[in-house]
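# Architecture and fold: a report
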Amino acid sequence: MSDNNSYPVRADIAQQAWADETTYREMYQQSVVNPEGFWREHGQRVDWIKPFTRVKDVSFDYHRVEISWFKDGTLNVAANCLDRHLDTRGDQTAIIWEGDDPADDKQVSYRELHEQVCRFANALKSQGIRKGDVVTIYMPMVVEAAVAMLACARIGAIHSVVFGGFSPDAIAGRIIDCNSKLVITADEGVRGGRRVALKKNVDEALTNPAVKTVEKVIVFQRTGGDVEWHSHRDVWWHELTQLASPHCPAEEMNAEDPLFILYTSGSTGTPKGVVHTSGGYLVYASMTHQYVFDYKDGDVYWCTADVGWITGHTYLIYGPLANGGTTLMCEGLPNWPDSSRMSQIVDKHQVNILYTAPTAIRALMAEGNAPIAGTNRSSLKLLGSVGEPINPEAWEWYYKTIGDERCPIVDTWWQTETGGIMITPLPGATALKPGSATRPFFGVLPALVDNMGNIIEGATEGNLVILDSWPGQSRTVYGDHERFVQTYFTTFKGMYTTGDGARRDEDGYYWITGRVDDVLNVSGHRMGTAEIESAMVAHEHVAEAAVVGYPHDIKGQGIYVYVTLNAGIDDSEELKKELRQWVRREIGPIATPDIIQWAPGLPKTRSGKIMRRILRKIAADECENLGDTSTLADPSVVDNLIADRANRR
Ligand code: WTA
């Protein structure tokens, strides 16, 4: 296979970057030959209250998976993101906030952010929150979302941020799983000129009888819209913080104390509460942020991810703030009021580094040159991509149109579970190939294995695994370590299984080919097929449902659902509409099926297992080459599904 164009490193960038090719090679070598020494040195990049003496205690053996880093050290993550910058950069802007309305923005300095976090940390304490308690955050993209996260970190509470697009049911499930004691939300969010009823969703979630632990709901007033008020439980953010003292000591936390839980979809079951701890996570977040984005003092950095996803945690909040950076947080959408919004924001705030997702790039690309109309984007130095494979056409468009052929693109591969970027170019060190995430970050040992778990060398394709731990790695699944072990350490023994497939070329560059399990990646959002299926079959007319992904021009993957209705129920376009609405209500708009096809029968093996491989091919219109269908209980269902494709929509 040809590797398309290659873009060599620009000499002027290499010269002033944190790492050029030689530095990358030396540091990488050191990091894998002597990880203890490497991370002992780089562990110093954060401020420790009690310095660590141990660096790495790791076992990937599935009998006793244990992962700890810096485990006898203590620190506070919020103090590292705020207090330690006050002397040198108290008046520097920490967060630039850009509202949904283009006329709305503000700048918050490190000193102001510190004060807000201290006040809100005291507010949390006044509501009974203590070290080790879990707090659910269901917020729009406002500065207060960052304040809430950092306030939890300051007092040692564990935050669990739930994406503001999730439904009441999804919120309830995530509250029940981690027994959270308090919910922080806003009256309403604003996106693309529309209001989102956040408080109402929380109210509804809390009517679920299985939610037993939530004592208080703190409500930030964003729009002043009408909300129902439950005075025994609901408290206003502004009332609490007015009363609260601006002084709040930072709790001394062990490096391995949990910092947050973040729910993510897997191939089976309900979403997993991925747990990240304090010390290793922060070291890794700050180091990757510095090197991958070549972050320098004074740079304005914009990550477009929502705080509800891991990218929003690591590269909107923790990484940039730990580095004393200026991070831009945008409440709205990249294409509202029109498709030039992203470029307008770049010009308005003189953004130097832009980190976004392929789905946003493809959506803009479809608009021709409108996305850059009237803008010059000359402040940009570097572009980043994350969340899904970027197709070379979108890469080239991003490079030429947004970046004016001036800015290197870092295509960063990583996962909720990895905490930070794992495979990526470094702008001063790595020649770029459009579509390739290129090479491993310091301390990361990727490998490809065949389906038996044998490591395969050279230019080849296989399952992507990681052979040893890195400080940002997730430590467990909240409340279910066994599930953590089962999911990540049993498929291939002694290694971390990523669930992704990849190809490695002659230059040792990695090309991520996508998930090898039943996880979809829709517009950069991870969706479990099992979750959508179980939402579907909860509808009274649905007997069975099978969900697969299919190639989608903008979303990367679309959601394709085969539905078998109960006997006696007639299919109709109205019912399709109703089922779409149903899934939106059950999970959230991001799970809305793109295509529903009625399936009087589904292809199953004689033991009753649905053969998704075949369903995927039919969805992708690759019907010529269905592979072996001889194990099917009733091969004629396949012919019927193929014949009936015309009726899907
Ligand atoms: C996919 C997002 C190709 C991959 C940070 C992974 C990517 C999943 C890339 C994790 C990339 C993420 N190239 N694929 N640069 N980045 N992925 O947990 O399938 O939301 O396993 O973390 O997204 O999604 P998650």
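Residues numbered from 1 in each chain as written. Predicted model: local features only at pLDDT ≥ 70, side-chain atom pairs only at ≥ 80, totals over all residues. Heavy atoms only, no water.

Inclusion rule: UniProt positions are given in the numbering used here, feature names are shortened, and annotations may be inferred rather than shown by experiment.
Looking up the protein chain in an unreviewed UniProt entry gives the name Acetyl-coenzyme A synthetase, with the organism given as Aestuariirhabdus litorea. Its UniProt record gives the protein chain the following Sequence similarities (unreviewed entry) comment, quoted word for word: "Belongs to the ATP-dependent AMP-binding enzyme family."

### Things to note about the site of the ligand
Heads up, the condition is: The cutoff for a nearby residue is simple: one of its non-hydrogen atoms must lie within 4 Å of the molecule or strand. The definition of a polar contact used here is a pair of N or O atoms within 3.5 Å, where within protein one atom must be able to donate a hydrogen and the other to accept one, and adjacent residues in sequence count solely through side-chain atom pairs. In these tables, accessible area is a Shrake-Rupley quantity obtained with a 1.4 Å probe, and a residue counts as shielded only by the protein chains included in the view. Polar here means any residue other than Ala, Val, Leu, Ile, Met, Phe, Trp, Tyr, Cys and Pro, which are nonpolar, and Asp, Glu, Lys and Arg, which are charged; Gly is therefore polar.
Surrounding the ligand, one finds 17 residues, the nearest of these being Asp411, Thr412, Thr416, Asp500 and Arg526. For the ligand, a nitrogen atom lies 3.4 Å from a polar atom in the backbone of Pro389. Against a free-state accessible area of 530 Å², the protein chains account for coverage of 96% of the ligand. Within the shell around the ligand, the residues separate by chemical class into six nonpolar, six polar and five charged.

### Overview of the pattern of salt bridges
Where we set the bar: We define a salt bridge as a side-chain nitrogen of Lys or Arg found within 4 Å of a carboxyl oxygen belonging to Asp or Glu. In this text, helices come from DSSP runs of H or I with a minimum length of four residues, and strands from runs of E with a minimum of two, each type numbered from the N-terminal end. Think of it in three bands: with a 1.4 Å probe and only protein chains considered, a residue is buried below 20% of the maximum accessible area for its type, exposed above 50%, and partly exposed in between.
Under the definition given, this model contains 42 salt bridges. Here Lys381 and Asp299 are joined by a salt bridge, their closest N and O atoms 2.9 Å apart. A residue pair is termed long-range when its members are at least 10 positions apart, and Lys381 in the loop between helix 14 (358-365) and strand 19 (382-386) and Asp299 in the loop between helix 11 (279-292) and strand 16 (300-303) qualify at 82 residues. By relative accessible area, Asp299 is classed as buried at 6%. Among the ionic pairs, Lys433 bridges to Asp507, the shortest N-O distance being 2.6 Å. Of this pair, Lys433 sits in the loop between strand 20 (409-412) and strand 21 (446-449) while Asp507 sits in the loop between strand 25 (496-504) and strand 26 (510-515), and the two are 74 residues apart along the sequence. Within the structure, one salt-bridge network assembled from shared partners comprises Arg54, Asp57, Glu66 and Lys71.

### A few points about the packing of aromatic side chains
The condition that has to hold: Ring pairs shown here join Phe, Tyr and Trp side chains whose ring centres sit within 6.5 Å, with only the six-membered ring taken for Trp; geometry is labelled stacked below 30 degrees between planes, edge-to-face above 60, and tilted in between. We call a charge positioned above a ring when the Lys NZ or Arg CZ atom is no farther than 6 Å from the ring centre and deviates by at most 35 degrees from the ring normal.
Tallying each qualifying case throughout the model produces 40 aromatic pairs. Consider the rings of Phe220 and Trp237, whose centres lie 5.7 Å apart with planes at 75 degrees: the pair is edge-to-face. Taken together, the residues span a long stretch of sequence, with Phe220 in strand 11 (residues 216-220) and Trp237 in helix 10 (residues 237-243) at a distance of 17 residues. The positively charged end of Lys493 is found above the aromatic ring belonging to Tyr62, 4.9 Å away from the centroid.

### Observations regarding the UniProt feature "binding site: CoA" (unreviewed entry) in the protein chain
For clarity, the cut-off: Here, two residues are considered to be in contact whenever any of their heavy atoms come within 4.5 Å of each other.
As recorded in UniProt, the feature "binding site: CoA" (unreviewed entry) lies at Arg191, Gly192, Gly193, Arg194, Thr311, Asn335, Ser523 and Arg584. Maximum C-alpha separation among the annotated residues is 24.1 Å over a sequence range of 394 residues, too wide for a single clustered spot. Looking at the secondary structure, you find Arg191 in strand 9 (residues 189-191). With sequence-adjacent residues up to four places away left out, Arg191 is seen in contact with Asp100, Glu331, Gly332 and Leu333.

### With respect to the sheet that holds strand 15 (residues 272-277)
In a beta sheet, neighbouring strands are held together by backbone hydrogen bonds and run either parallel or antiparallel to one another. Put simply, the test is: If DSSP finds at least two bridges between two strands, the strands pair. Axis lines are fitted through C-alpha atoms, for helices just across the contact stretch, and the angle between N-to-C directions can take any value from 0 to 180 degrees.
Ordered by their spatial adjacency, eight strands build an open sheet running 12-11-8-6-7-14-15-24, and the pairing between neighbours is mixed. Every other strand in the sheet has two partners, leaving strand 12 (234-236) and strand 24 (476-477) as the edge strands with one partner each. Of the strands in this sheet, strand 6 (134-138), strand 7 (158-161), strand 8 (182-186) and strand 14 (258-264) are in contact with helix 8 (residues 168-178), which crosses strand 14 at around 140 degrees.

### Things to note about the domain arrangement of the protein chain
Short version of the rule: Note that the domain bounds reflect an automated or database-derived domain assignment. Two parts lose some accessible area (1.4 Å probe) when they are put together, and adding that loss for both gives the buried area.
According to the domain assignment, the protein chain contains domain 1 (9-331 + 407-501) and domain 2 (522-642). Centre-to-centre separation of domain 1 and domain 2, based on C-alpha positions: 33 Å. Across the boundary between the two partners, domain 1 contributes 17 residues, which contact 14 residues of domain 2. Interface area, domain 1 with domain 2, both sides summed: about 1,000 Å², of which 45% is carbon and sulfur. Per-residue buried area on domain 1 facing domain 2 is highest for Ser167, Ser265 and Trp309; these three make up 37% of the total on that side. Counting every contact that joins domain 1 to domain 2 gives one salt bridge. Salt-bridge contacts for Arg526 lead to Glu417; the nearest nitrogen and oxygen are separated by 2.9 Å.

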